[in-house]
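# Geometric and topological summary
Here's the letter readout for the chains.
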Amino acid sequence: MSDLMSWLRKINFWGWFLIILIITYSIWNPSGYSYYHMWIGSWDTPLSVKLLVTSVVASFLFVFSIETYRTLRKSGIIAYVIILLVIFWVLWDMEILGFENINTAIYWIQIPIALILTLGSQGTKIYRSMTGRIGVDDPDTGSTE
């Protein structure tokens, strides 16, 4: 188990971003190959497999969401969302991005979702690399720095 944990600690920011991006695209995407389509569509998948896959993905998403909330808090998440929306607006105004149909918009909007979840889940690594300090703020134990 410690080998797995040390291996997970060695994954850099962009590696986690790629993992979370794959998870967000696997939940729903317009191609028809997603967990949403597995449940709604006419896939011949046993119910036990659907429940297993859904519980694994939901637990990953839950862990990343909780860690993001603990790191960024509500105001940080709102600030990042506003910044990313303004970036998308600028790219759209400059005609770099086009949202001709809803499928294009859905493909693009999942990138900032994955970016926010990655920033939140990797917040302690980012803080440590920027300041050289280890933050010991732990909401579970009540201890603060």
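Residues numbered from 1 in each chain as written. Predicted model: local features only at pLDDT ≥ 70, side-chain atom pairs only at ≥ 80, totals over all residues. Heavy atoms only, no water.

### Details of the environment of Gly120
Rule in force here: Every helix listed is a DSSP run of H or I at least four residues long, and every strand listed is a run of E at least two residues long, numbered separately from the N terminus. Contacts are residue-level and defined by heavy atoms, with any inter-residue pair within 4.5 Å sufficient.
As for its placement among the helices and strands, Gly120 is situated in helix α5 (residues 102-121). Taking the C-alpha atoms as reference, Gly120 lies 8.5 Å from Ile77; in sequence the two are 43 residues apart. Gly120 has contacts with Glu67, Thr68, Thr71 and Leu72, leaving out every residue within four places of it along the chain.

### Thoughts on a nonpolar patch on the surface
Applied cut-off: What goes into a patch is any residue over 30% in relative accessible area without a salt bridge, connected to like charges within 9 Å or, for nonpolar side chains (Val, Leu, Ile, Met, Phe, Trp, Tyr), within 5 Å. Only the protein chains shown count as cover for residues, and all accessible areas are computed by the Shrake-Rupley method using a 1.4 Å probe. For this document, the term salt bridge refers to a Lys or Arg side-chain nitrogen within 4 Å of an Asp or Glu carboxyl oxygen.
A contiguous nonpolar patch, built from Ile78, Ile82, Val86, Trp89, Val90, Trp92, Met94, Ile96, Phe99, Tyr107 and Trp108 and spanning about 1100 Å² of accessible area, is present on the exposed surface. Among the secondary structure elements, those contributing two or more residues to the nonpolar patch are α4 (47-93) and α5. For the nonpolar patch, the element with the highest residue contribution is α4, accounting for six residues.

### Notes on the confidence of the model for the protein chain
Just so we agree on the cut-off: Scored from 0 to 100, pLDDT records how confident the predictor is in each individual residue.
In the predicted model, the protein chain carries a mean pLDDT of 83, and 90% of its residues have values of at least 70. Model confidence for the protein chain, summarised as mean pLDDT per element, is weakest for helix α6 (residues 123-131) at 77 and strongest for helix α2 (residues 13-27) at 93.

### Some words on the nonpolar core
Soluble globular proteins tend to bury their nonpolar side chains together. Under the convention used in this document: Side-chain atoms within 4.5 Å link the members of a nonpolar core, which is a set of buried Ala, Val, Leu, Ile, Met, Phe, Trp, Tyr and Cys residues. For every residue, the accessible area obtained with a 1.4 Å probe (protein chains only) is divided by the maximum for its type, and the residue is called buried under 20%, exposed over 50%, and partly exposed between those limits.
Ile11, Trp16, Phe17, Ile20, Leu21, Ile23, Val57, Phe64, Ala114 and Leu117 form the largest nonpolar core, which has 10 residues in total. At the level of secondary structure, the elements contributing two or more residues to this core comprise α2, α4 and α5. Residues contacting Ile20, with those up to four places away along its chain left out, are Phe64, Ala114, Leu117, Thr118 and Ser121.

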